[in-house]
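Next come the chains, spelled out residue by residue.
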Amino acid sequence: MIPKLEEMLSLLKSKGINETQFESLNIEDGQHNEKLWATHFGKAYQWLNK
C-alpha cells in the first residue's frame, strides 16, 4: 500500500496541491484495518476540523 500512497502524494503535489492541504501517516508495521483506523480517528477528525 505504501508505494501507491507515495504515488498518490506525488500526483497531488504535481497538480499543485499544497502539502498543508493533506497529511500522510506511515505507521511502521501498521495494518490497513478498522482497529488501526479507530486508534487514529480522533487525530484525523481534529485535523479535518481545524
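This text gives an overview of the structure that appears in the document. No experiment lies behind these values; they were computed from the predicted model shown.

Take the pattern of salt bridges next. Evaluated as defined, the whole model comprises three salt bridges. Glu7 serves as the salt-bridge partner of Lys4, at 3.7 Å between the closest nitrogen and oxygen. Remark: Glu7 and Lys4 occur in helix H1 (residues 2-14); sequence separation between them is three residues, near one turn of the helix. Note on Lys4: relative accessible area 61%, which makes it exposed. Glu23 is the partner of Lys43 in a salt bridge, and the nearest nitrogen-oxygen pair spans 3.7 Å. With Lys43 in helix H2 (residues 34-48) and Glu23 in the loop between H1 and H2, the pair connects residues that are 20 residues apart, well separated along the chain. Its relative accessible area of 49% is what places Lys43 among the partly exposed residues. Residue Glu23 is classed as partly exposed on the basis of its relative accessible area, which comes to 48%.

Thresholds, definitions, all that
- Residues numbered from 1 in each chain as written.
- Predicted model: local features only at pLDDT ≥ 70, side-chain atom pairs only at ≥ 80, totals over all residues.
- Heavy atoms only, no water.
- Salt bridge = Lys/Arg side-chain N within 4 Å of Asp/Glu carboxyl O.
- Helix = DSSP H or I, 4+ residues; strand = E, 2+ residues; numbered from the N terminus.
- Buried < 20%, exposed > 50% of the residue type's maximum accessible area, 1.4 Å probe, protein only.

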